[in-house]
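# Structural overview for review
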Amino acid sequence: MSESASVGDNCFPVSVILERRPAKDTTPWARPQWGVVGVVAGDRLSAGETAAPVLVHSHDGCDQFLHQGYAVQLHRDSAESYWYNLVGQSPSLFVVCRENDAGDPEPFVVTANYDEAGAYMEADGIVYSTPVPPEIYQWLERYVVENFKPAERKKRKRENWFQESERG
């Protein structure tokens, strides 16, 4: 990992592996199916410096492409969303893609924020989820512990509805 692509307090460089599978439908207009294989912690490129996808594996018509130059960015105002992600059943990273000129998905955001991923999904964005790699999980957990302070629970005063109904 280059010095410019090193882990910071709120930025972790990553690469994304997307897989293209042949369409199950055999009609001429059927499009291949895409999915995320995973996110790889670390990258040799600086965040934002993307390179053309590299074919890294091909077998039985399935091709896997490495997309480099991305980073998981953390923001203090999203710490609660990261916390919910970590304590959820399957902590995930979300890879948000756009279609390129060929109609293939191309990553442009990798996030640990449920809310951000949900906003892209609501806007009909292409969003894939994948398990958080252990190195990123530990980094994200440390960030949440240092930056998330849950709101204090306030005990509500119990109202006596029976007395109110007798009064009036």
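This structure is a prediction, so every number in the text was calculated from the model and none was measured. (Residues numbered from 1 in each chain as written. Predicted model: local features only at pLDDT ≥ 70, side-chain atom pairs only at ≥ 80, totals over all residues. Heavy atoms only, no water.)

## Section: the environment of Gly69
Positionally, Gly69 belongs in strand 4 (residues 62-73). Taking the C-alpha atoms as reference points, Gly69 and Gly42, separated by 27 residues in sequence, lie 9.3 Å from one another. (Helix = DSSP H or I, 4+ residues; strand = E, 2+ residues; numbered from the N terminus.)

## A few points about the nonpolar core
Most often, soluble globular proteins have nonpolar side chains that are buried together. Counting residues in hydrophobic clusters, the biggest one holds 27 residues, and the most contacted among them are Val14, Val16, Leu93 and Val110. Residue assignment for this core shows that the elements contributing at least two residues are strand 1 (11-21), strand 2 (33-41), strand 4, helix 1 (79-87), strand 5 (92-99) and helix 3 (134-147). At five residues, helix 3 tops the list of elements feeding residues into this core. The next biggest cluster of nonpolar side chains, apart from the first, holds five residues, and it includes Phe94, Val96, Val109 and Val127. (Core = buried A, V, L, I, M, F, W, Y, C linked by side-chain atoms within 4.5 Å. Buried < 20%, exposed > 50% of the residue type's maximum accessible area, 1.4 Å probe, protein only.)

## Concerning the packing of aromatic side chains
Enumeration according to the criterion identifies seven aromatic pairs in this entry. Taking 6.2 Å as the distance between ring centres and 70 degrees as the angle between the ring planes, the aromatic pair formed by Tyr82 and Tyr143 counts as edge-to-face. Remark: Tyr143 occurs in helix 3 and Tyr82 occurs in helix 1; sequence separation between them is 61 residues. Taken together through their ring pairs, the aromatic side chains of Trp83, Tyr84 and Phe148 make up a single cluster. Over the face of the ring belonging to Phe108 we find Arg98, whose NZ or CZ atom lies 3.7 Å from the ring centre. (Phe/Tyr/Trp six-rings, centres within 6.5 Å; stacked < 30°, edge-to-face > 60°. Lys NZ or Arg CZ within 6 Å of the ring centre and 35° of its normal.)

## A few points about helix 3
For an α-helix, the turn length of 3.6 residues means that residues three or four places apart are oriented alike. With 14 residues, helix 3 extends 20 Å between its outermost C-alpha atoms, agreeing within 8% with the 20 Å of an ideal straight helix rising 1.5 Å per residue. Check the buried side of helix 3 and you find it contacts strand 1, strand 2, strand 4, helix 1 and strand 5. (Expected span 1.5 Å × (residues − 1). Contact = heavy atoms within 4.5 Å.)

## Brief notes about the side chain of Thr111
Inspection of the secondary structure assignment puts Thr111 in strand 6 (residues 105-111). For Thr111, a relative accessible area of 1% gives the class buried. Of the polar contacts made by the side chain of Thr111, one reaches the backbone nitrogen of Asn113; its length is 3.0 Å. Dropping the residues within four chain positions of it, Thr111 is found in contact with Leu93, Phe94 and Glu116. (Polar contact = N/O pair within 3.5 Å; in protein donor to acceptor, adjacent residues only side chain to side chain.)

## A look at the pairing of strand 5
Most of strand 5 is tucked away, with six of its eight residues classed as buried. Sheet topology note: the strand 5/strand 7 (residues 126-131) ladder contains six bridges and is antiparallel. Paired with Ser92 across the two strands is Pro131, which belongs to strand 7. As paired strands, strand 5 and strand 6 are joined by six bridges and run antiparallel to one another. Paired with Arg98 across the strands is Glu106, a residue of strand 6. (Pairing = 2+ DSSP bridges.)

## Looking at the pairing of strand 6
Within strand 6, five of the seven residues are buried, leaving the element largely enclosed by the surrounding structure. In this antiparallel pair of consecutive strands, strand 5 and strand 6, the connection spans five residues, and Gly103 shows a positive phi of 85 degrees.

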